[in-house]
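Secondary and tertiary structure notes
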Amino acid sequence: MRARLGLGDLDGARTVLDELEQLDGRRGLERRVDLDVALGDPERAVHRIKEALARDPGDAGLAVLLADTLVKTGDSQAARVVFDEAEQEVVRWEQSRLEGASPGRVVEVTAQAERQRIYLWTAQAQVLGGLEDYEGASRALRRVLVLRPHDADAMNHLGYLYATANMHLEEAEELVAAALEQRAFSAAVVDSMGWIRYRQHRLAEAEELLRRAAAWQPGDPEILDHLAHVQAAQGQPADARASWRAALERLPPHDLGRAELRESIEGSLRALDAQTGR
């Protein structure tokens, strides 16, 4: 269904959605939300999710879906409240199951609550980072690292966040270097290090790393965007233009999840054209 939405085939998406809802109600709800947003009615999507969440207030996945959709309506403050309420639900769930629990059950409940918290904090960081609330996003990731100090995904996410915000670059380098020790062949982690090198103005190193990441994950629009920034900074406008155009080709016009990236790349291309007199 998402492929049909990406192509703008809304009628086809509706047909697939009707079939999906019969097979998997939860995934059907998620795709119905996608369709509401694609049709320009995110408020209806919010209403759907709130109804589902009222039936199951402890469903962290629904809370994350609601927060993400609220951001699409422009209500970022409400999205923040959703994360707070979802975390409180985890506390209530944990406390209710720990009362009189056996030692083995205590371990099981505590571990499950920890997984829920990490899921919520990671999603919160993603949402807040998209809102350019880098301090809030970094706080959420640091909470993850308190529980799991060597979590490669959290270290990479935080290092990348710092690079995007162009702050704490030394710490960002340390975090991503530690993630690389565990994920040496991860295109995402190598991309993060390349982005850090760009922020540090170590452009030759940045280009080498980003080309490696692009080779490992061909056509990834975010990696191509980073590579284009490095090429532009090195005085290679033709190469930068080609990388940005290649990234746009991988971003269908109706791909709602990447709308901000598309807008950013289009803005970069316009700036490059103005700079080069095209």
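Before reading on, note that the structure itself is shown above.
Described below are features of the structure shown in this document. (Residues numbered from 1 in each chain as written. Predicted model: local features only at pLDDT ≥ 70, side-chain atom pairs only at ≥ 80, totals over all residues. Heavy atoms only, no water.)

1. A few points about the side chain of Q124
Quick reminder of the rule: Segments assigned H or I by DSSP are reported as helices when at least four residues long, segments assigned E as strands when at least two residues long, and all are numbered from the N terminus. Remark: exposure states derive from per-residue accessible area (1.4 Å probe, protein chains only) relative to the maximum for the residue type, with buried under 20%, exposed over 50%, and partly exposed in between. Whether two residues are in contact is decided by their heavy atoms, any of which lying within 4.5 Å being enough.
Mapped onto the secondary structure, Q124 falls in helix α7 (residues 103-130). Classification of Q124 as buried rests on a relative accessible area of 14%. Apart from residues lying up to four places away in sequence, Q124 is in contact with F83 and A140.

2. Focus on the packing of helix α5 (residues 60-73) against helix α6 (residues 76-98)
Our working rule: Working convention: axes come from line fits to C-alpha atoms, limited for helices to the stretch in contact. Angles between N-to-C directions cover 0 to 180 degrees. Oblique is the label for any angle not covered by the other classes, which are roughly parallel (under 35 degrees), roughly antiparallel (over 145) and roughly perpendicular (65 to 115). Polar here means any residue outside two lists: the nonpolar Ala, Val, Leu, Ile, Met, Phe, Trp, Tyr, Cys and Pro, and the charged Asp, Glu, Lys and Arg; Gly therefore counts as polar.
It is at 8 Å that the axes of α5 and α6 come closest, and there the two elements cross at 170°. Between α5 and α6, the angle falls in the class roughly antiparallel. On α6, the residues that touch A63, V64, L66, A67, L70 and V71 of α5 are A78, A79, V82, F83 and A86. Tallied by class, residues from the contact of α5 with α6 come to 11 nonpolar, no polar and no charged.

3. Remarks on the packing of aromatic side chains
Cut-off, in case you're wondering: Ring pairs shown here join Phe, Tyr and Trp side chains whose ring centres sit within 6.5 Å, with only the six-membered ring taken for Trp; geometry is labelled stacked below 30 degrees between planes, edge-to-face above 60, and tilted in between.
Under the counting rule described, the total for this entry stands at 2 aromatic pairs. Geometrically, the ring pair formed by F185 and W216 is tilted, given 5.8 Å between the ring centres and 55° between the ring planes. Placement of the pair is F185 in the loop between α10 (169-182) and α11 (187-199) and W216 in helix α12 (residues 203-216), with a sequence separation of 31 residues. On the basis of an interplanar angle of 10° and a centroid distance of 4.8 Å, the ring pair of W195 and Y198 is categorised as stacked. Of this pair, W195 and Y198 both sit in helix α11, separated by 3 residues, roughly a single helical turn. Relative accessible area serves as the criterion here: at 6%, W195 is assigned to the buried category.

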